[in-house]
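Architecture and fold: a report
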Amino acid sequence: MNNFNFYNPTRIVFGEGQVAQLDELVPKDARVLVLFGGQSAQKNGTLDEVITALGNRHIEEFGGIEANPGYSTLMRAVEQIRQNKLDYLLAVGGGSVIDGTKFVAAAVQCDGDPWQEILVNHATNIHQALPFGSVLTLPATGSEMNANSVITRYETQEKLAFSSKLVYPAFSILDPTKAYTLPPRQLANGVVDAFTHIMEQYLTYPVNAMVQDRFAEGLLQTLIEIGPKLLESPNDYDLQANFMWTATLALNGLIGAGVPQDWATHMIGHEITALHGLDHAQTLAILLPTVLQEQREKKSAKLLQYAERVWGLNEGTDDTKINMAITKTRDFFERMGVKTHLSDYQINADAIPVMIKQLAEHGLIQLGEHNDIDLKKSQQILQASL
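Residues numbered from 1 in each chain as written. Predicted model: local features only at pLDDT ≥ 70, side-chain atom pairs only at ≥ 80, totals over all residues. Heavy atoms only, no water.

1. Details of the layout of surface pockets
The condition that has to hold: The way it works is a 1 Å grid over only the protein atoms, where trapped points that fit a 1.4 Å probe form a cavity and open points with protein on both sides within 12 Å along at least five of seven lines form a pocket, and then any residue with an atom within 4 Å of a point lines it. Grid points are joined across faces, edges and corners, and a volume is the space filled by probe spheres set on the points. Note on residue classes: Ala, Val, Leu, Ile, Met, Phe, Trp, Tyr, Cys and Pro are nonpolar, Asp, Glu, Lys and Arg are charged, and everything else, Gly too, is polar.
In this model, the second largest pocket occupies a volume close to 170 Å³. Taken together, Gln261, Trp263, Ala264, Met267, Gly363, Leu364, Ile365, Gln366, Leu367, Gly368 and Asn371 form the lining of the second largest pocket. Taken together, the residues of the lining of the second largest pocket sort by class into six nonpolar, five polar and no charged.

2. Quick look at a nonpolar patch on the surface
To be explicit about the condition: Grouping into patches uses exposed residues only, defined as over 30% relative accessible area, and leaves out salt-bridged ones; the cut-off is 9 Å for like charges and 5 Å for nonpolar side chains (Val, Leu, Ile, Met, Phe, Trp, Tyr). Areas reported as accessible are Shrake-Rupley estimates using a 1.4 Å probe. Residue values count occlusion only from the protein chains shown. Put simply, a salt bridge is a Lys or Arg side-chain nitrogen that is within 4 Å of an Asp or Glu carboxyl oxygen. Numbering of helices and strands runs from the N terminus; a helix is a DSSP stretch of H or I covering at least four residues, while a strand is a stretch of E covering at least two.
Among the surface-exposed residues, Met1, Phe4, Phe6 and Leu254 lie close enough to one another that they form a single nonpolar patch of about 370 Å² accessible area. Mapped onto the fold, phenylalanine 4 is located in the segment before strand S1 (11–14).

3. Quick look at the sheet that holds strand S8 (residues 171–174)
The line we're drawing: What makes two strands pair is DSSP finding at least two bridges between them. Here an axis means a line fitted to C-alpha atoms, over the contact stretch when the element is a helix, while the angle between two N-to-C directions is reported on a 0 to 180 degree scale. In what follows, residue pairs with any heavy atoms lying within 4.5 Å of each other are defined as contacts.
Strand order in the open sheet made by the six strands is S1-S8-S5-S4-S2-S3, with parallel pairing throughout. Both edges of this open sheet fall to S1 and strand S3 (58–62), since each of them pairs with a single strand only. On average, each strand axis in the sheet is inclined to that of its neighbour by 20°, with strand direction left out of account. Summarising the sheet, strand S5 (residues 132–138) and S8 pair through three bridges and their orientation is parallel. Across the sheet, the residue bridging to serine 134 is serine 172, located in S8. Its contacts with the sheet place helix H9 (residues 237–250) against S1, S5 and S8, and it is angled at close to 170° to S1.

4. Quick notes on the nonpolar core
Heads up, the condition is: Side-chain atoms within 4.5 Å are what join buried Ala, Val, Leu, Ile, Met, Phe, Trp, Tyr and Cys residues into a set we call a nonpolar core. Summary of the burial criterion: residues with accessible area below 20% of their type's maximum are buried, those above 50% are exposed, and those between are partly exposed, where the area comes from a 1.4 Å probe applied to protein chains only.
In terms of nonpolar packing, the biggest core is built from 66 residues, with Phe195, Met199, Tyr306 and Leu382 touching the most fellow members. Among the elements that line this core, the one with the most residues is helix H7 (residues 184–202), at nine residues. Once residues lying within four places of it in the same chain are set aside, the contact partners of leucine 382 are Ile268, Ile272, Leu287, Leu342, Ile352, Met355 and Ile356. Leu130, Leu160, Leu174 and Met244 belong to the second-largest nonpolar core, a separate cluster that totals 37 residues.

5. Quick word on empty space enclosed by the protein
For the coordinates displayed, the defined rule picks out one cavity of 30 Å³ or more. Within this model, the largest cavity holds a volume of roughly 30 Å³. Contributing to the lining of the largest cavity are Gln201, Tyr202, Gln212, Asp213, Ala216, Ile255 and Val259. Counting only elements with at least two residues in the lining of the largest cavity, the list comes to H7 and helix H8 (210–232). If one sorts the elements of the lining of the largest cavity by residue count, H8 sits on top with three residues. Looking at the lining of the largest cavity residue by residue, the class counts come to four nonpolar, two polar and one charged.

6. A short note on the pairing of S8
The side-chain alternation of S8 yields two buried faces, one formed by Phe171 and Ile173 and the other by Ser172 and Leu174. Of the strand pairs in this sheet, S1 and S8 are connected by four bridges, and their pairing is parallel. From the neighbouring strand, arginine 11 faces S8, where its bridge partner is phenylalanine 171.

7. Looking at unusual backbone geometry
Here the phi dihedral of alanine 123 falls at roughly 60°; this positive angle occurs in a residue that is not glycine. Positionally, alanine 123 belongs in the loop between helix H6 (114–120) and S5. Of note, glutamine 157 is a non-glycine position whose phi angle comes to about 55°, a positive value. Tracing the backbone through its elements, the reader meets glutamine 157 in the loop between strand S6 (148–153) and strand S7 (158–163). Overall, the relative accessible area of 38% leaves glutamine 157 in the partly exposed class.

8. Examining helix H11 (residues 280–294)
Short version of the rule: Residue count minus one, scaled by 1.5 Å, sets the expected span of a helix. Values of bend correspond, residue by residue, to the angle between axes fitted over the seven residues ending at that residue and the seven starting there.
Between its first and last C-alpha atoms H11 spans 21 Å; for 15 residues at 1.5 Å apiece the expected length is 21 Å, and the two agree. Maximal helix bending in H11 amounts to about 30°, located at leucine 287; proline proline 289 follows within four positions. Most of H11 sits out of view: 13 of its 15 residues are buried.

Have a look at this one:
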């Protein structure tokens, strides 16, 4: 196991009816901006529940945060905070709203250009951020318990990420009933997103991290077991509770402590979303099976472990088991209703050079756990994903 420094300060308040705890979690004198996405938070009553729980505090609202949170939209929230001297943020939504809130928290007191300082320079010179909490309504990204954020600049077709210990949520309320009304597409995307988060921390090469491996394998098996059932029974509390907690644990730092990681699938996927508007999880379903296949030689030991422990493939040659494991991964995504080829989304080979150009412009020229996925290899992965 590699050396590591694990830190996660986010308080998790889990279970039905826990939105009422906001009155204890948010400072009494806070001037609060509640951030949310579309109209679902209003239609399902969650927003009203949040406003009621906040009581007599000064409360303002900011809605309209996109599924891929947009820089220009978020900068309007920054301006509202500055003008009205607000000092506490509350994200009500899924990973997109929480990611957007993290950016806003860091941007309010940013002296320079927020896009340059936070996204391009990865927040290296950001030394303060507004405190915030979250009420999770869509399990998927794990943003409710980590310090990561991904923001899109639609005007320039860029999608960049940053991470800073300053933007851990102070708390996150996880009420599984808030996911009951999610459409099948969002549930399926959430399962695929969480699954891929686990895989990119687990499926690299062995470092004798027995605890992290077994933990990751259990989370993967949980998603495989409950994913299709969620689509059939979205109002099942136990299914939603296990899904919500699995998605949180998938990217709160625990299974990634002391192990090598491979985020090539995410980084290449960001360019597909930025250029072609695909859902984030759709890009992951396209790329992950291909990355596993293209990198199978260097990932062979963990691929074999994955085949045997997660999928129960214990017969045949090592190559046969690895082939079957990759096929079963693709089949699982398809079973969730998420297509796994670029051509399924009317993206052909002519689009690949622009994606490679974007990767180069964003400095993403050495990806993977060995930093060996160069632009040529990324191009091969995209071509194999057609």
